[in-house]
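Report on the structure
One letter stands for each residue in the lines below.
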Amino acid sequence: MKFINNYYFNLWTLLKPDRQHFPLLKFYFKVGIGIAMLLISLPVFAQEPIDLETYREECSQGMTIYCISAGMEEQKAGNLENALKLYRSACENHFSHGHLRACTPYLSLASQMKRLDGAAAGLEARCRGGNDVICFYLAKEYFKISEHHRGFVHLERLCRENFQSPDELDYGPCFHLGANLKKIGELKRAEKIFGFDCDRDPLSAKPSCDQAEAVNLLIRQERTAGRGELRDLQPIELAAFGVAVIPLVGMILLASGRKKALKFLRIPLPVLTLLCWALWEPYAKQELSLRADLFFIFPAVSLALYLAWCAHIKLLDH
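Residues numbered from 1 in each chain as written. Predicted model: local features only at pLDDT ≥ 70, side-chain atom pairs only at ≥ 80, totals over all residues. Heavy atoms only, no water.

1. Observations regarding unusual backbone geometry
We note that Lys114 has phi near 60°; this positive angle belongs to a residue other than glycine. Structurally, Lys114 is set in the loop between helix H6 (104–112) and helix H7 (116–119). By relative accessible area, Lys114 is classed as exposed at 76%. Phi is positive for Ser146, close to 65°, though the residue is something other than glycine. Inspection of the secondary structure puts Ser146 in the loop between helix H9 (132–144) and helix H10 (148–160). (Helix = DSSP H or I, 4+ residues; strand = E, 2+ residues; numbered from the N terminus. Buried < 20%, exposed > 50% of the residue type's maximum accessible area, 1.4 Å probe, protein only.)

Below, the structure written as structure tokens:
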């Protein structure tokens, strides 16, 4: 160190800088050399190979971090079965620790391999057996791997029962339930959950109260934006449009009194109207909870049949 300091002093003497800047210049030189040495050493450390056998041995002795590290290496190499076994060891070794953060890579990989049901079976069994702590943390793990609806099943019950998280700094099941509903865009359900939590105890559930207001604001903004935009007409909605418009066109044709128009009104017009209705009906049953569309469909179909009868009478007079 003394040699380095003498080197800096000689260098600065040659350059003849202002003496009042000596401490600052000395600091910058040391920082620059430190950064340079760090950048040179990083590739060396990055290329250091991992001893998988040692990691597996440590994993077999219950060292969770080694199970996860070895599993990551196996997963990178494409050995998914080996990785899944190592991740499972990490998860099972960590059951007694309350939270299930060690289970995240296990459940995530199992989900990618379409084997999540089997991987989560043990945790689900403990949850059904009355271990609400497991239920709570398992739901949070599901959220981490985007299995939101699996997590909702557990948190909805825990929220109703006012389950208290073992972690005093945790906001609890209602908050996590509402936050994940908000995340996937189900704002109305999220607002309801946050409001329920807030109304039950505004003091302890202040984060839920704040979120209830924030979600309510988002809903109002969406409604305002929706009023200013015209929704694109879906192809299936053209069928409902046809049911309404075809009979109206038929009234104009009937007024013309032409024979060709009357022939069109007698059979093709009611057939087209009924065909449009048949195309529209399956979609309406699935998508519409209140069948307000029937208030114009029934009169339109009745009008089409009436026009067909009128056209038939006029054709008989011809």
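Moving on, there is more to tell.
2. Overview of the pattern of salt bridges
Taken as a whole and judged by the stated rule, the model has 14 salt bridges. One salt bridge in this structure joins Asp117 and Arg150, with 2.6 Å as the shortest N-O distance. Taken together, the residues Asp117 in helix H7 and Arg150 in helix H10 connect sequence positions 33 residues apart. Looking at Arg150, the relative accessible area reads 28%, which means it is partly exposed. (Salt bridge = Lys/Arg side-chain N within 4 Å of Asp/Glu carboxyl O.)

3. Things to note about the state of the cysteines
Under the definition given, this model contains five disulfides. Sulfur-sulfur distance for the disulfide between Cys59 and Cys67 comes to 2.0 Å. Between Cys59 and Cys67, the disulfide has an S-S torsion of 100° and is therefore right-handed. Judged on exposure class, the residue Cys59 and its partner Cys67 are both buried. A sulfur-sulfur separation of 1.8 Å characterises the disulfide bridge that pairs Cys127 with Cys135. Disulfide Cys127-Cys135: torsion about the S-S bond near 110°, hence right-handed. (Disulfide = S-S within 2.5 Å.)

4. Some words on the layout of surface pockets
Looking at the largest pocket, its volume works out to about 400 Å³. Around the largest pocket, the lining comprises 21 residues; the ones closest to its centre are Gln164, Tyr171, Gly172, Ser204 and Ala205. Secondary structure elements with two or more residues in the lining of the largest pocket: H10, helix H11 (173–183), helix H12 (187–200) and helix H13 (206–227). The leading source of residues in the lining of the largest pocket is H11, at three residues. Broken down by class, the residue content of the lining of the largest pocket amounts to ten nonpolar, six polar and five charged. By volume, the second largest pocket is sized at about 160 Å³. (1 Å grid on protein atoms, 1.4 Å probe; cavity = no way out; pocket = protein on both sides within 12 Å on 5 of 7 lines; lining within 4 Å. Points joined across faces, edges and corners; volume = space filled by probe spheres on them. Nonpolar A, V, L, I, M, F, W, Y, C, P; charged D, E, K, R; others polar.)

5. Observations concerning a positive patch on the surface
A contiguous patch of positive charge on the surface is contributed by Lys259, Lys260, Lys263 and Arg266. Among the structural elements, Arg266 can be located in helix H15 (residues 259–266). The exposure class of Arg266 is partly exposed, given its relative accessible area of 33%. (Patch = residues over 30% accessible without salt bridge, like charges linked within 9 Å, V, L, I, M, F, W, Y side chains within 5 Å. Areas by Shrake-Rupley, 256 points an atom, 1.4 Å probe, with all protein chains shown as cover. Lys, Arg positive; Asp, Glu negative; His and termini not counted. Charge placed at Lys NZ, Arg CZ, Asp CG, Glu CD.)

6. Brief notes about the packing of helix H16 (residues 268–287) against helix H17 (residues 294–317)
One can describe the packing of H16 onto H17 by two numbers: an axis separation of 8 Å at closest approach and a directional angle of 160°. Our classification of the angle between H16 and H17 gives roughly antiparallel. Read as a crossing pair, H16 and H17 show a hand that is left-handed. Contact residues: H16 offers Leu269, Pro270, Thr273, Leu274, Trp277 and Trp280, while H17 offers Ile297, Phe298, Ala300, Val301, Ala304, Leu305, Leu307 and Ala308. Broken down by class, the residue content of the contact of H16 with H17 amounts to 13 nonpolar, one polar and no charged. (Axes fitted to C-alpha atoms, helices over the stretch in contact; angles between N-to-C directions. Parallel < 35°, antiparallel > 145°, perpendicular 65-115°, else oblique. Left-handed = near helix turned anticlockwise from the far one by under 90°. Contact = heavy atoms within 4.5 Å.)

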